[in-house]
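Here is what each chain is made of, one letter per residue.
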Amino acid sequence: MKTIAAVLRSITDKRPYSSSTPMQLEEVELAGPRAGELLVRIEAACVCHSDLSVVDGTRVRPLPMALGHEAVGIVEELGVGVRDVQLGDHVVLTFVPSCGLCAECAAGRPTMCVPAAAANGSGCLLHGPSLLTDHAGKCIHHHLGVSAFAHHAVVARESAVVIPKDIPLTTAALFGCAVLTGAGAVLNTANVRPGQSVAVLGLGGVGLAAVMGAALVGAHPIIAIDPVAAKRKLALELGATAAFAPDEATTAVRDLTGGGVDVAFEAAGAPAVLEAAFAMTKRGGTTVAMGLPHPSKKITLPALAFAGEGRTLIGSYMGSSAPQRDIPRYAALWKAGRLPLERLQSSIMPLTSINEAFETLASGAAIRQVLLPRG
């Protein structure tokens, strides 16, 4: 079938993106679903730093690529063998389609799925090569098994989680990345307990979802840190008990906690921020790295802090989540009013405004912008 997708053909850091227009809407050919796959009509897709990092080359991906990985849609066609999804189902799309069979999946670590990582890195789908081609018949790669900045997408069944139809689609889109990654880091990776002190550095969609997750489990205090005043204000409304700009944060955190927090979450993808998060933890504390810096970047930490002070640094990819388990739980919490993730929406705009959305994100002004493929 022919459909419309936003395609990146070359990386650029030339800004504003609204003028350099790295993303182009193209008519592409999308083959039908193979065995174990679904055809999904995309209803809403969010703009995330993981998309922007492909545009500016921070995350190296094969090009050309149809971007977009945080989205929700409606199932229009089932591939052979798909029996637990129905036509018309609403599905949240996730960017790690765990196979369920590899050593990591068998060990209960689906976000570390080996075949999924290989497929995502090569721009393929879990069940086979790319199904996208341009007008000249040349391959267009899939982004993280989703390619959601489009009218339609074919995804592995393992990339789709069925959700209740009474959740607004523009809200449901955020379950696929921001909530899985941020709240998941609190609930799954760090297993934060009631009364533990928490700092969150970087208040984009992932960081603010971490703030909500910390509030959900009764952490105290919850300290939010970001250079943007509006984001700090929103963090306070979402459950943070204090908020600071980065230049005042280290001293303020130590004063508030008597030496440092139990758990610090880094959500900026910047080595300096990760180092600052580590410095804010107390003896025996834990730092959780959620951001994705350029692979060439390094950090410097005091070696004695690990054995000598019992401090820990751990990584959290997609919040150590199991999407088929966690997304329904988060959906239920949202319906109960305990996870107000609609507050993360900065704006809703048509897919045709994608380059403007990238520029707003790059400027630091946006949290989650929601794109509607059909306006």
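Refer to the structure above for everything that follows.
Heads up: these notes are all about the structure in this document. Fair warning: this is a prediction, and the values are worked out from it, not measured in the lab.

**Notes on the pairing of strand 8 (residues 139–142)**
In step 1: Note that strand 4 (residues 65–66) and strand 8 share 2 bridges and pair parallel. Following the sheet pairing, Ala66 is matched in strand 8 by His142.
In step 2: Alignment of strand 7 (residues 132–133) against strand 8, held across 2 bridges, turns out to be antiparallel. The residue of strand 8 that forms the bridge with Leu132 is Ile140.

**Considering the sheet that holds strand 14 (residues 261–266)**
In step 1: Ordered by their spatial adjacency, 6 strands build an open sheet running 13-12-11-14-15-16, and the pairing between neighbours is parallel. Every other strand in the sheet has two partners, leaving strand 13 (242–244) and strand 16 (312–315) as the edge strands with one partner each. Here the strands of the sheet are splayed against their neighbours by 20° on average, with no regard to which way each runs.
In step 2: Direction of pairing for strand 12 (residues 222–225) relative to strand 13: parallel, over a ladder of 3 bridges. Directly across from Ala224, in strand 13, lies its bridge partner Ala243.

**Side note on unusual backbone geometry**
In step 1: The linkage connecting Arg15 with the following residue, Pro16, adopts the cis geometry, with an omega of 5°.
In step 2: Backbone geometry at Ser147 places phi at a positive 55°, although glycine is not the residue there.
In step 3: With respect to the secondary-structure elements, Ser147 resides in the loop between strand 8 and strand 9 (152–156).

**Structural notes on the side chain of Arg311**
In step 1: Structurally, Arg311 can be placed in the loop between helix 11 (304–307) and strand 16.
In step 2: At a separation of 2.9 Å, a polar atom in the side chain of Arg311 contacts the side chain of Glu309.
In step 3: Those residues in contact with Arg311, other than ones at most four positions away along the chain, are Phe278, Ala279, Thr281, Lys282, Arg283, Gly284, Gly285, Ala305 and Phe306.

Cut-offs applied
- Residues numbered from 1 in each chain as written.
- Predicted model: local features only at pLDDT ≥ 70, side-chain atom pairs only at ≥ 80, totals over all residues.
- Heavy atoms only, no water.
- Pairing = 2+ DSSP bridges.
- Helix = DSSP H or I, 4+ residues; strand = E, 2+ residues; numbered from the N terminus.
- Axes fitted to C-alpha atoms, helices over the stretch in contact; angles between N-to-C directions.
- Polar contact = N/O pair within 3.5 Å; in protein donor to acceptor, adjacent residues only side chain to side chain.
- Contact = heavy atoms within 4.5 Å.

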